[in-house]
Amino acid sequence: MSAAKKAYKRVTTNSLIEMKKEGEKISMLTAYDYSMAKAVDAANIDVILVGDSASNVMSGHETTLPITIDQMLYHASAVVRAVKRALVVVDLPFGSYQSDPKEALRSSIRIMKEAGAHAVKIEGGAEIKDSMTRILNAGIPVMGHLGLTPQSIYKFGTYSVRAREEAEAAKLIEDAKLLEQLGCFALVLEKIPAALATKVAKTVRIPVIGIGAGNGVDGQVLVLHDMLGLTTEFSPRFLRRYMNLYEQMTEAVLYYINDVKSGDFPNKDEQY
Ligand code: KIV
């Protein structure tokens, strides 16, 4: 059951650019630990993002802001140990790149060196140009992230659709062009009108990967725990759930408790 046009043994940043040229859509999911990353990689996903959404889904925080670089390194190194094929991209967490370009480079080097990541992702456009340049000049591949940028949630106040207004849409297009010009290998567009995302994907040559950005882009990304139905509170329109894992897990645990209480587990074949 594969719609892939070409079999990539190992996905690289160049493979993604090639996929865009060939019109092959790029598949991307998050993962934060060894076991989940192993399963996702075995299914031949193209890109695994160790997202700072780990702050929400792994640690139960309301926003992505609290997660630290050391915590990201813990998640990222577990994912890298599991992955044989996918490109592993790791988010630079809030506070690890905004204050100055030197700090941004230091944080990126830690992610590449200590976790073994293949690329980093940072949120923002023109305002982080100097940091972006510094990281790229060190030979570290960077994925950009525009539209809804969750690390700026307290600036915007809501998680609603971004760039509906003309001025914001125009800035987003300019930022996308800038990120391409600086040398980003790909770009995530989050929660913006589909028509705008399509326009960006047609304007830049680098792959544009959408989340809540419609079908006219070069690939899609979802948070793994959301698409597996492991998170239950979060139900935006763009989310397609492929499983109801929360219910299935709870049911399995109920069966286990019942078997323990009734003395059915372990049986004769399950002991030494
Ligand atoms: O942190 C994350 O999971 C992300 C995706 C939503 C793109 O940035």
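Note that residues are indexed from 1 along each chain, following the sequence as it is written. Reporting of local features is limited, given that this is a predicted model, to residues whose pLDDT is at least 70; pairs of side-chain atoms are given and counted only at 80 or more, and all residues count toward the totals for whole chains, interfaces and linings. The basis for every side-chain value is the complete set of heavy atoms in the structure, and neither hydrogens nor water enter the calculation.

Asks: For this particular structure, what's the right way to read the overall build of the chain?
Replies: Each helix and strand counted, the chain has eleven helices and eight strands in total. For the chain, the C-alpha radius of gyration of 20 Å lies close to 19 Å, the compact-globule estimate for 272 residues. Here the C-alpha coordinates of the chain stretch approximately 65 × 40 × 35 Å along the principal axes. Considering the chain as a whole, with its 272 residues, one finds that 48% of them fall into the buried category. Note on contacts: a residue pair is in contact if any heavy atoms of the two residues lie within 4.5 Å. Across the chain, contacts joining residues at least 24 apart in sequence account for 57% of those joining residues at least 6 apart. Counting only carbon and sulfur atoms, one obtains 53% of the accessible surface of the chain, whose full area is about 14400 Å². Only four residue types enter the tally: Lys and Arg on the positive side, Asp and Glu on the negative side; His and the chain ends are excluded. For this purpose, a charge sits on NZ of Lys, CZ of Arg, CG of Asp or CD of Glu. Between the averaged position of the 32 positive side-chain charges in the chain and that of its 32 negative side-chain charges there is a distance of 6 Å. Helix and strand definitions follow DSSP, with helices as H or I runs of at least four residues and strands as E runs of at least two, each counted in order from the N terminus. Put simply, the radius of gyration uses C-alpha atoms, and a globule should come to 2.2 Å times the residue count raised to 0.38. For every residue, the accessible area obtained with a 1.4 Å probe (protein chains only) is divided by the maximum for its type, and the residue is called buried under 20%, exposed over 50%, and partly exposed between those limits. Only the protein chains shown count as covering a residue, and every accessible area follows the Shrake-Rupley method with a 1.4 Å probe.

Asks: Which parts of the structure should I look at to understand the nonpolar core?
Replies: Nonpolar side chains tend to gather and get buried jointly when the protein is soluble and globular. Counting 80 residues, the largest nonpolar core has Ile 48, Leu 187, Leu 189 and Val 200 as the members making the most contacts within it. At six residues, the largest contribution of residues to this core is made by helix H4 (residues 69-82). In this view, Leu 189 contacts Leu 146, Leu 172, Ala 197, Val 200, Val 208, Ile 209, Gly 210, Ile 211 and Ala 213; residues no more than four positions away in its chain are not counted. Joining through side-chain atoms within 4.5 Å is the link that ties buried Ala, Val, Leu, Ile, Met, Phe, Trp, Tyr and Cys residues into a set, and such a set is a nonpolar core.

Asks: Before we go on, may I ask you to explain the site of the ligand in this structure?
Replies: By nearness alone, every residue bordering the ligand is listed as Thr 30, Leu 49, Gly 51, Asp 52, Ser 53, Asp 91, Lys 121, His 145, Ile 211 and Val 223. The contact in question runs from an oxygen atom of the ligand to an N or O atom on the side chain of Ser 53, over 2.5 Å. We define a polar contact as two N or O atoms separated by no more than 3.5 Å, with the added condition that, inside protein, one atom must be a possible hydrogen donor and the other a possible acceptor, whereas residues neighbouring each other in sequence contribute only through side-chain atom pairs. Between the ligand and the protein, one listed contact pairs an oxygen atom with a side-chain N or O atom of Lys 121 at 2.9 Å. Expressed as a share of its isolated accessible area of 260 Å², the protein-covered part of the ligand is 95%. Three categories are distinguished: nonpolar for Ala, Val, Leu, Ile, Met, Phe, Trp, Tyr, Cys and Pro, charged for Asp, Glu, Lys and Arg, and polar for the others, with Gly belonging to the last. Among the residues forming the shell around the ligand, the class breakdown is three nonpolar, four polar and three charged. Near, as used in this document, describes a residue that has one of its heavy atoms within 4 Å of the molecule or strand being considered.

Asks: Honestly, the pattern of salt bridges in this entry has me stumped. Any pointers?
Replies: Pairing is possible between side chains that carry opposite charge, provided their charged atoms lie close to one another. For this document, the term salt bridge refers to a Lys or Arg side-chain nitrogen within 4 Å of an Asp or Glu carboxyl oxygen. Inspection of the entire model under this criterion finds eight salt bridges. Between Asp 175 and Lys 171 there is a salt bridge, with the nearest N and O atoms lying 2.6 Å from each other. Highlighted residues: Asp 175 and Lys 171, both in helix H8 (residues 166-182), separated by four residues, approximately one helical turn. Note on Asp 175: relative accessible area 7%, which makes it buried. For Lys 171, a relative accessible area of 40% translates into the label partly exposed. Linked through salt bridges whose partners overlap, the residues forming this network are Asp 70, Arg 110 and Glu 114.

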